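What follows is each chain in one-letter form.
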Amino acid sequence: YGVTLERYLLGRRIELARHLLVTTKLPLKAVAIEAGLSNPQYFHRQFRLATGRSPTAEREDAGKA
């Protein structure tokens, strides 16, 4: 895939987190844990780096659609 295993896994975890944010009402901390990123600060930082937006903004925009 042209990326390290660590980057690939992080990408998959972010994909899962995005899905959970859109389809559930789980708290952000629970979404982070379910996605395999148990540190909420790390989750937030990595989510923003990968998507360009915060987990909260992702959820809010999904609710508008």
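Residues numbered from 1 in each chain as written. Predicted model: local features only at pLDDT ≥ 70, side-chain atom pairs only at ≥ 80, totals over all residues. Heavy atoms only, no water.

> What's the story with the overall build of the chain in this structure? I'm lost.
Looking only at helices and strands, the chain has four helices and zero strands in total. Along the chain, from the amino end to the carboxyl end, the secondary structure elements read α-α-α-α. For a compact globule of 65 residues, the expected C-alpha radius of gyration is about 11 Å, and the chain comes in at 11 Å, within 12% of that figure. Counting only C-alpha atoms and orienting by the principal axes, one finds that the chain spans roughly 35 × 20 × 15 Å. Across the 65 residues in the chain, those meeting the buried criterion constitute 23%. Residue pairs in contact within the chain that sit at least 24 positions apart in sequence constitute 49% of those at least 6 positions apart. (Helix = DSSP H or I, 4+ residues; strand = E, 2+ residues; numbered from the N terminus. Rg over C-alpha atoms; globule rule 2.2 N^0.38 Å. Buried < 20%, exposed > 50% of the residue type's maximum accessible area, 1.4 Å probe, protein only. Contact = heavy atoms within 4.5 Å.)

> I keep staring at the nonpolar core and nothing clicks. Help me out?
Among soluble globular proteins, nonpolar side chains are generally buried collectively. By size, the foremost hydrophobic cluster in this structure holds eleven residues: L10, I14, A17, L20, L21, V31, A32, A35, L37, F43 and F47. Sorting the residues of this core by element identifies α1 (5-23), α2 (28-34) and α3 (40-51) as the ones contributing at least two each. (Core = buried A, V, L, I, M, F, W, Y, C linked by side-chain atoms within 4.5 Å.)

> Before we go on, may I ask you to explain the packing of α1 against α3 in this structure?
A pair of packed helices can be characterised by two numbers: the angle between their axes and the separation between those axes. Where α1 meets α3, the closest approach of the two axes is 10 Å, and the angle between their N-to-C directions is 95 degrees. One way to sum up the angle between α1 and α3 is to call them roughly perpendicular. In contact with R7, L10, I14, A17, R18 and L21 of α1, α3 contributes Y42, F43, Q46, F47, A50 and T51. (Axes fitted to C-alpha atoms, helices over the stretch in contact; angles between N-to-C directions. Parallel < 35°, antiparallel > 145°, perpendicular 65-115°, else oblique.)

> Would you mind going over the pattern of salt bridges with me for this structure?
Oppositely charged side chains are able to pair whenever their charged atoms sit close together. Inspection of every chain in the model, using the stated rule, returns four salt bridges. Connected through salt bridges with shared partners, the residues R18, R53, E58 and D61 form a single ionic network. (Salt bridge = Lys/Arg side-chain N within 4 Å of Asp/Glu carboxyl O.)

> Looking at this structure, I do not really get the side chain of E58. What am I missing?
Counting through the fold element by element, E58 comes out in helix α4 (residues 55-64). Judged by its relative accessible area of 10%, E58 falls in the buried class.

> Is there a simple way to think about the packing of aromatic side chains in this case?
To describe a pair of aromatic rings, you give the distance between the ring centres and the angle between the ring planes. Counting across every chain of the model gives one aromatic pair. Taking 5.8 Å as the distance between ring centres and 55 degrees as the angle between the ring planes, the aromatic pair formed by F43 and F47 counts as tilted. Placement of the pair is F43 and F47 together in helix α3, with a separation of four residues, close to one helical turn. Residue F43 is classed as buried on the basis of its relative accessible area, which comes to 2%. Note on F47: relative accessible area 0%, which makes it buried. (Phe/Tyr/Trp six-rings, centres within 6.5 Å; stacked < 30°, edge-to-face > 60°.)

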